[in-house]
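Listed here are the chains, written in short residue letters.
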Amino acid sequence: WASLHARHRGYQYWKAFTTGKSLEQGGIPHDKYGMTTHSVRSYVTGIQEKLGLDGGNCVKVQTGGPDGDLGSNEIKQANETTTVVVDGSGVLCDIVGIDCQELRRLADARLMIREFDESKLSPKGFRVLINQNDMSLPDGRTVVSGLAFRNGFTLDPAFKGDFFVPCGGRPATVNESNVGDFVHVTGPDGAKSLRFRYIVEGANLFFTQPARKALEKAGVIIFKDASANKGGVTSSSLEVLAALCLSEEEFGANMTVKDGSPPKFYLEYVTEVQQIIQRNARREFDAIWRENAETNIPRTILTDMLSNKITALSSEIEKSDSLWENISLRHKILHRAIPARLLSLCGFDSVMDRLPEAYARALFASHLASAFVYEHGLSTPEFAFFEFVHNLLG
């Protein structure tokens, strides 16, 4: 309603006033197109590629169920064997692997695990809902309270695997007071092993920073939420960019969905946004992986260090008239920053005429800064930036 109200008030940029708008208003819903999950999955597959893992042979656990944005899209995009899903309705667990077709049915319908067909469970599987009490589990244990069982399941012996991808859950679920119990799981023989070897944070703030440090110290490869789940933010920024670049007539013809049928441009633009999300996520993943290998700085610390360096450099570039007035450099960077479908539809000159200069300068600065930092890292001397620019122009 906010964008429509802005339009009614005559605001010039009403189309860009909000993001995640309805399809009828030219929005790109994150959940429908799995935008955040595209970046999360880039980190999961990045780990697998770096370590030579076959995703199909990996075991994964997730919090956040098939009714949610991240949970449903994680189920639909993943290829690992999922053994545990915890959501608001309870706990679903099958150590031989939860039936993936049944999980996808729930994800497509955005239903909680309470709707899971229990006939699809193996003899070792179980579902415990929060309103169920005095439940017997296949291993002989008795669940006194389904609610308490769900709330504490992150420390249960069955809550383990190769990958953990939190897609929901309470903030600070794992913190400095319980991370010692979370790091390891004790087997039937009394031996301790890592509960998870790899963690990619889809949901925000599931772990506190001290908990992350403890996990990394124990040998867990963990990527922080601020790096892994940028896909939604990227999608929103490119939704705004399209709204700024297109005239009202072009926007209505190419971005608004009428009668449930998206225009050809809309579908192509959404696909390009997904590709940009995946590319950007992989660039940051590679930068963090490289910096960690070279410096041994924890990956969750490197997330903040990279962000701070990109932000600081971007601010300096944005204030630099000499860089902005270098027309060749400006055009080269903005041609890379602006999606090809927008340039194809509108033309570069029209895009530049329509974009507010402050926005264009910010786009130019952030793209140039991130490209430099991702390629050259954190410890590169200042003169290397000018060599980088020179090579771009060369």
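Structural data are supplied above this passage.
Residues numbered from 1 in each chain as written. Predicted model: local features only at pLDDT ≥ 70, side-chain atom pairs only at ≥ 80, totals over all residues. Heavy atoms only, no water.

Student: Which parts of the structure should I look at to understand the overall build of the protein chain?
Tutor: Across its full length, the protein chain holds 19 helices and eleven strands. For a compact globule of 394 residues, the expected C-alpha radius of gyration is about 21 Å, and the protein chain comes in at 23 Å, within 12% of that figure. When burial is assessed residue by residue, the protein chain has 53% of its 394 residues classed as buried. Per element, the accessible surface of the protein chain, about 17800 Å² overall, is 51% carbon and sulfur. Measuring between centres, the 43 positive side-chain charges of the protein chain sit 1 Å from its 48 negative side-chain charges. (Helix = DSSP H or I, 4+ residues; strand = E, 2+ residues; numbered from the N terminus. Rg over C-alpha atoms; globule rule 2.2 N^0.38 Å. Buried < 20%, exposed > 50% of the residue type's maximum accessible area, 1.4 Å probe, protein only. Areas by Shrake-Rupley, 256 points an atom, 1.4 Å probe, with all protein chains shown as cover. Lys, Arg positive; Asp, Glu negative; His and termini not counted. Charge placed at Lys NZ, Arg CZ, Asp CG, Glu CD.)

Student: Please clarify how helix α10 (residues 231-245) should be interpreted in this entry.
Tutor: Since one α-helical turn is 3.6 residues long, residues separated by three or four positions face the same way. Under the 1.5 Å per step criterion, the end-to-end length of α10 is 21 Å for 15 residues, consistent within 8% with the ideal 21 Å. Here α10 lies mainly inside the structure; 13 of its 15 residues are buried. (Expected span 1.5 Å × (residues − 1).)

Student: It is not clear to me how the packing of helix α15 (residues 327-337) against helix α19 (residues 383-393) should be interpreted in this structure. Could you clarify?
Tutor: Any two packed helices are characterised by the angle at which their axes cross and by the distance between the axes. Following both chains from N to C, one finds α15 and α19 inclined at 85 degrees, their axes separated by 10 Å at the closest point. Our classification of the angle between α15 and α19 gives roughly perpendicular. In contact with Ser-328, Leu-329, Lys-332, Ile-333 and Arg-336 of α15, α19 contributes Val-389, Leu-392 and Leu-393. Residues that form the contact of α15 with α19 fall into these classes: five nonpolar, one polar and two charged. (Axes fitted to C-alpha atoms, helices over the stretch in contact; angles between N-to-C directions. Parallel < 35°, antiparallel > 145°, perpendicular 65-115°, else oblique. Contact = heavy atoms within 4.5 Å. Nonpolar A, V, L, I, M, F, W, Y, C, P; charged D, E, K, R; others polar.)

Student: Just checking my understanding: could you explain unusual backbone geometry for this structure?
Tutor: Backbone geometry follows two general trends: most residues other than glycine have a negative phi, and most peptide bonds adopt the trans configuration. If you check the backbone angles, Leu-205 has positive phi at about 65 degrees while not being a glycine. Inspection of the secondary structure puts Leu-205 in the loop between β10 (198-200) and α8 (209-217). Its identity is not glycine, yet Asp-259 carries a phi of approximately 60 degrees, on the positive side. Relative to the elements of secondary structure, Asp-259 occurs in the loop between α11 (248-254) and α12 (264-295). Judged by relative accessible area, which is 81%, Asp-259 ranks as exposed.

Student: I keep staring at the side chain of Ser-89 and nothing clicks. Help me out?
Tutor: Locating Ser-89 in the fold gives a position in the loop between β2 (81-87) and β3 (90-93). Here the side chain of Ser-89 touches Asp-87 through a polar contact of 2.7 Å, side chain to side chain. A polar contact of 3.3 Å, which involves the side chain of Ser-89, links it to the backbone nitrogen of Arg-114. In this view, Ser-89 contacts Met-112, Ile-113, Arg-114, Val-128, Leu-129, Ile-130 and Arg-150; residues no more than four positions away in its chain are not counted. (Polar contact = N/O pair within 3.5 Å; in protein donor to acceptor, adjacent residues only side chain to side chain.)

Student: How do you make sense of the sheet that holds strand β7 (residues 163-166) when you look at a structure like this?
Tutor: Strands belonging to one sheet form pairs held by backbone hydrogen bonds; the direction of such a pair is parallel or antiparallel. Strands sit in the order β4-β3-β2-β1-β7-β10-β11 across an open sheet of seven strands; the sheet is mixed. Two strands in the sheet have a free side with no partner beyond their single neighbour: β4 (126-129) and β11 (221-223). Across the sheet, the mean angle from the axis of one strand to that of its neighbour is 10 degrees, orientation sign disregarded. Pairing between strand β1 (residues 59-63) and β2: five bridges, direction parallel. Looking across to β2, one finds that Lys-60 is bridged to Thr-82. Packed on one face of the sheet, helix α3 (residues 35-51) meets β7, β10 and β11 and runs near 155 degrees to β10. (Pairing = 2+ DSSP bridges.)

Student: What am I meant to see in the packing of helix α13 (residues 299-319) against helix α18 (residues 357-376) here?
Tutor: Where α13 contacts α18, the two axes come as close as 8 Å, and the packing angle between them is 135 degrees. By the angle between their directions, the pair α13 and α18 is classed as oblique. Read as a crossing pair, α13 and α18 show a hand that is right-handed. Counting all contacts with α13, which are made through Leu-306, Lys-309, Ile-310, Leu-313, Ser-314, Ile-317, Glu-318 and Lys-319, the residues of α18 involved are Ala-358, Arg-361, Ala-362, Phe-364, Ala-365, Ser-366, Leu-368, Ala-369, Ser-370, Phe-372, Val-373 and Tyr-374. Looking at the contact of α13 with α18 residue by residue, the classes come out as 13 nonpolar, three polar and four charged. (Left-handed = near helix turned anticlockwise from the far one by under 90°.)

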